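An overview of the molecular structure
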Amino acid sequence: MKRLQLLAFSLFAIAFGLVTVGCGGNDSSVTIKLTDAPGDFKAAVVTISEVYLQGEGGRLVLSSEATTTNLVTLANDTKDIVKDAVVPAGRYSELRFVISGAYIEVEQEDGSTLIYATDENYEGLPEGAQVAGRLQTPSFSSSGLKVKFDGDVEVSGEQKVILVDFDVSQSFGKERGQGDKWVMKPVIKGADITFSGSVNVTLAKDAAVILPEFEGRVLSLADFKATLKPTEASPDGASAPAAEEIALTDANGDGIFEASFKFLVPGNYEIGFTGPEGISFTINPAVPASVVIVSGQDQTQAFVLTSASIAMQ
């Protein structure tokens, strides 16, 4: 059985021992990586010219930059297919790969190999290659290789793809009566897609609280920062990353300050706050406060500053 895995990350590595860095923030990058389990072919080269999601609003193109890769060499490696792709709110039913060309190199009983290609002039062929026969890729150059999800996936808020994992069995084979023709006809099983989540942290001031004067000025909620920290260890056994801090701002002037943590890997986190050095304060609900980030969901966690004073020396 051939196995293809598409991986996209923000924050930290969550699967298959891959590593990426960064946490939160609007400039978080997402990468879709392609990897493959070993097979019986000497080479299985494909050119992916477009990757897109099919949803209620039609086609959402994630990448239109052609990428040529040998699946066989990806058994212990990965290949970037999509970078910095944002998935807006909506419902999505399929992920598709448009394959503009491909070839396979198949070992024969005597140890020699034969090459089968979608076209004798396919640009991905090795220099001087002799094509023995045709490799068919039905509709992959038009509608694309379809990866169906187990039901529509709904995304609220602006999210990014985290993980797609699917199996491809009998990726290449000869059809009866077709002579020297091979066909690329993947069977997608157990398709799954996970989207990132996000949390908007708000902080208001209790009406009874009077913020102290500190270093010659009266403090405001803008002097505080929200923090978010994963509480689970990373897959490689390392401890969870340090907390990410985002300054609180009041963009609409309603007195409620906000910090948005976007593109988060689903899992368990803790929300906290930091203030100016030398200031002690209390928050309701008490912090650190647990929060569960759910795939594809945008949520808000509200807090109130209940006291603030200059710490006793």
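Definitions and limits used
Residues numbered from 1 in each chain as written. Predicted model: local features only at pLDDT ≥ 70, side-chain atom pairs only at ≥ 80, totals over all residues. Heavy atoms only, no water. Helix = DSSP H or I, 4+ residues; strand = E, 2+ residues; numbered from the N terminus. Buried < 20%, exposed > 50% of the residue type's maximum accessible area, 1.4 Å probe, protein only. Contact = heavy atoms within 4.5 Å. Pairing = 2+ DSSP bridges. Axes fitted to C-alpha atoms, helices over the stretch in contact; angles between N-to-C directions. pLDDT = per-residue confidence, 0-100. Salt bridge = Lys/Arg side-chain N within 4 Å of Asp/Glu carboxyl O. Core = buried A, V, L, I, M, F, W, Y, C linked by side-chain atoms within 4.5 Å.

1. Describing the overall build of the chain
From N to C terminus, the chain includes zero helices and 24 strands. Every one of the 313 residues in the chain was classed for burial, and the buried ones make up 45%. Put simply, of all contacts in the chain between residues at least 6 apart along the chain, 70% involve residues at least 24 apart.

2. A look at the sheet that holds strand S24 (residues 298–310)
Spatial strand order, S20-S15-S24-S22: four strands in an open sheet with mixed pairing. Since the sheet does not close on itself, it has two edges, and those belong to strand S20 (257–264) and strand S22 (279–284), each with one partner. On average, each strand axis in the sheet is tilted by 30° relative to the strand beside it, whichever way the strands run. Here six bridges tie strand S15 (residues 197–205) to S20, and the two strands are oriented antiparallel to one another. Across the sheet, Val199 pairs through a bridge with Phe261, a residue of S20.

3. Some details on the environment of Ala204
Structurally, Ala204 can be placed in strand S15. On a C-alpha basis, the gap between Ala204 and Leu221 in space is 7.8 Å, while along the polypeptide they are 17 residues apart. Leaving out residues up to four positions away in the same chain, Ala204 has contacts with Leu221, Gly255, Ile256, Phe303, Val304 and Leu305.

4. Looking at the confidence of the model for the chain
Averaged over the chain, the pLDDT score is 75; the fraction of residues at 70 or greater is 69%. When mean pLDDT is compared element by element in the chain, S22 scores highest at 96, while strand S1 (residues 2–9) scores lowest at 31. Every residue in residues 187–191 is under pLDDT 50, and counting partners more than four places away or in other chains gives 20 contacts.

5. Considering the pattern of salt bridges
This model, assessed by the stated rule, comprises four salt bridges. Two residues, Arg217 and Asp223, come together in a salt bridge whose shortest N-O distance is 2.5 Å. We note a salt bridge from Glu245 to Lys225, for which the minimum N-O separation is 3.8 Å. Taken together, the residues span a long stretch of sequence, with Glu245 in strand S19 (residues 244–247) and Lys225 in strand S18 (residues 225–230) at a distance of 20 residues. Looking at Lys225, the relative accessible area reads 35%, which means it is partly exposed.

6. With respect to the nonpolar core
Ranked by internal contacts, the top residues of the largest apolar core, which has 30 residues, are Val51, Leu62, Leu95 and Ile104. Listing elements by their share of this core, those giving two or more residues are strand S3 (43–55), strand S6 (79–83), strand S7 (90–107), strand S10 (145–155) and strand S13 (182–184). Among the elements that line this core, the one with the most residues is S7, at seven residues.

7. What to know about the sheet that holds strand S23 (residues 289–293)
Pairing in this open sheet of four strands is antiparallel, and the strands run S19-S18-S21-S23 from one edge to the other. Pairing within the sheet leaves two strands with one partner each, and these edge strands are S19 and S23. Strand-to-strand twist of the sheet, defined as the mean angle between neighbouring strand axes without regard to direction, takes the value 30°. Strand direction decides the pairing type here: S18 and S19, joined by four bridges, are antiparallel. The residue of S19 that forms the bridge with Lys225 is Ala247.

8. Quick notes on the pairing of S7
Burial within S7 is extensive, with 14 of its 18 residues counted as buried. Bridging between S7 and strand S8 (residues 113–117) involves five bridges; their strand directions are antiparallel. Bridged to Tyr103 within S8 is Ala117. Following S7, the chain reverses through five residues before pairing antiparallel with S8; Gly111 in that reversal takes a positive phi of roughly 95°.

9. Observations regarding unusual backbone geometry
The phi torsion of most residues other than glycine is negative, and most of the peptide bonds are trans. Each neighbour pair has its own omega, and for Asn284 with Pro285 the value is -5°, a cis peptide bond. Inspection of the secondary structure puts Pro285 in the loop between S22 and S23. The backbone of Glu215 shows a phi angle near 55°, a positive value even though the residue is not glycine. Its place among the elements puts Glu215 in the loop between strand S16 (213–214) and strand S17 (217–218). Under the relative-accessibility criterion, Glu215 is labelled exposed at 72%.

10. Looking at the environment of Gly197
Counting through the fold element by element, Gly197 comes out in strand S15. For Gly197, a relative accessible area of 0% corresponds to the buried category. Along the sequence, Gly197 and Phe261 sit 64 residues apart, while their C-alpha atoms lie 8.8 Å from each other.

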